[in-house]
Amino acid sequence: MRYVIVVIGCKGNAFQVKGRLTFLYLFCFLLPVYNFLLMLGLMLFYCICFGNNKTADTMMTPLRYLALGDSYTIGESVAGAESFPFQTVDLLRSKGYRMMPPDIVATTGWTTGELEQGIKAAQLTGTYDVVTLLIGVNDQYRGSPVNEYRLAFTVLLQKAVAFAGNNPSRVVVLSIPDWGVSPFAGNRDRKAIAAEIDDYNAANKAVAQSMQVPWLDITPYTREAARDPSLLAPDGLHPAGKAYARWAKDLALMLQQALQQEKK
């Protein structure tokens, strides 16, 4: 009887050993397969999400924005955060773009020639993801001929494109505002000012188009101040923050389109 019990016990242990060996075999076989599939899935995920370097750069590397101009670029008589470069950055951030604060090279009263000198003095380094250029109102105010303005503006736009890594689609030229509708121009010929502003804008638009640079017409917005004084800053000459907000909305859309095109 004890012999039979021993034999039966041995058979039970044999089955247990065999089961354990089967489990160990399956484990050793399936674990490498599982690890392989896991690594393959991770590689596919990485390729889809980060394989496009331009997408990764846009979403992970903070973008640099350079704004070149005069009083309209720095936001004369309004808080810095209300200027159109800063409002544009805020709008792009709301769309998911990581933006550094804008680098601004601009001073109230600057002409095209003074902006060129200001750029040299700024000693800018590296390239920028987006660049804007708005200049010319002081050339017009000082009576500079349109042809001279066109030549000086061309040089500045070439510099702007160079700052954008020689990518003209990453540059936007903004038209010159019409200051003739402001109280500051109360004793001047408003129609003459408007006509000269139009001539200057025709010149900078033609230069922009010849270089395949997008052009944004904000001049009609500024002329609305003739009927709505709230669009003017307290100095009665420059735009108010809410006026710059409309510029920023249009500009942010253009810049977003340019950045998206680069990702394709």
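Residues numbered from 1 in each chain as written. Predicted model: local features only at pLDDT ≥ 70, side-chain atom pairs only at ≥ 80, totals over all residues. Heavy atoms only, no water.

## Brief notes about the overall build of the protein chain
Right, so step 1: Counting its regular elements, the protein chain contains ten helices and five strands.
Right, so step 2: Within the protein chain, the proportion of its 264 residues that are buried is 38%.
Right, so step 3: Across the protein chain, every contact between residues at least 6 apart in sequence was considered, and the portion connecting residues at least 24 apart equals 76%.
Right, so step 4: Total accessible area on the protein chain stands at roughly 14600 Å², and carbon and sulfur atoms take up 62% of it. (Helix = DSSP H or I, 4+ residues; strand = E, 2+ residues; numbered from the N terminus. Buried < 20%, exposed > 50% of the residue type's maximum accessible area, 1.4 Å probe, protein only. Contact = heavy atoms within 4.5 Å. Areas by Shrake-Rupley, 256 points an atom, 1.4 Å probe, with all protein chains shown as cover.)

## Quick notes on the sheet that holds strand β5 (residues 215-216)
Right, so step 1: If you trace the five strands from one edge of the open sheet to the other, you get β2-β1-β3-β4-β5, paired in parallel fashion. The outermost strands of the open sheet, each flanked by one partner alone, are β2 (103-106) and β5.
Right, so step 2: Examined bridge by bridge, strand β4 (residues 171-174) and β5 share two bridges and lie parallel to one another. Looking across to β5, one finds that valine 173 is bridged to tryptophan 215.
Right, so step 3: Contacts from helix α5 (residues 112-122) reach β1 (65-69), β2 and β3 (130-133) within the one sheet, and its direction differs from that of β2 by about 135 degrees. (Pairing = 2+ DSSP bridges. Axes fitted to C-alpha atoms, helices over the stretch in contact; angles between N-to-C directions.)

## Regarding α5
Right, so step 1: Of all the residues in α5, the buried ones are Thr112, Leu115, Gly118 and Ile119. End-on, the buried residues of α5 take up no more than an arc of 115 degrees, which puts them together on one face. Along α5, the residues that are exposed and aim more than 90 degrees away from the buried face are Lys120 and Ala121.
Right, so step 2: At its buried positions, α5 is contacted by β1, β2, β3, α6 (137-141) and α7 (146-163). (Arc of directions from axis to C-beta.)

## Examining the confidence of the model for the protein chain
Interpreting fine coordinate detail is not advised for predicted regions of low pLDDT.
Right, so step 1: Mean pLDDT over the protein chain: 87, with 77% of residues reaching 70 or higher.
Right, so step 2: Taken as a whole, residues 1-11 scores under 50 in pLDDT and shows zero contacts with residues more than four places along the chain or in a different chain.
Right, so step 3: Counting contacts from residues 50-58, a segment whose pLDDT is below 50, to residues more than four positions away or on other chains yields 15 contacts. (pLDDT = per-residue confidence, 0-100.)

## Description of the packing of aromatic side chains
Right, so step 1: Summed over the entire model, instances satisfying the criterion amount to nine aromatic pairs.
Right, so step 2: Judged by centre distance (6.4 Å) and plane angle (40 degrees), the ring pair of phenylalanine 84 and tyrosine 244 falls under tilted. Taken together, the positions of phenylalanine 84 in helix α4 (residues 84-94) and tyrosine 244 in helix α10 (residues 241-263) put the pair 160 residues apart, joining distant regions of the chain. The residues phenylalanine 84 and tyrosine 244 share a single accessibility class, namely buried.
Right, so step 3: Ring-pair connections join several aromatic residues into one group, and the members of that group are Tyr72, Phe84, Tyr244 and Trp247.
Right, so step 4: For arginine 64, the ring lying beneath its charged end belongs to tyrosine 128, and the centroid distance is 4.0 Å. (Phe/Tyr/Trp six-rings, centres within 6.5 Å; stacked < 30°, edge-to-face > 60°. Lys NZ or Arg CZ within 6 Å of the ring centre and 35° of its normal.)

## Here we look at the environment of leucine 259
Right, so step 1: In this structure, leucine 259 sits in helix α10.
Right, so step 2: Along the backbone, leucine 259 and valine 130 are 129 residues apart, and their C-alpha atoms lie at a distance of 8.6 Å.
Right, so step 3: With residues near it in sequence (within four places) discarded, leucine 259 still touches Leu63, Tyr97, Val130 and Arg170.

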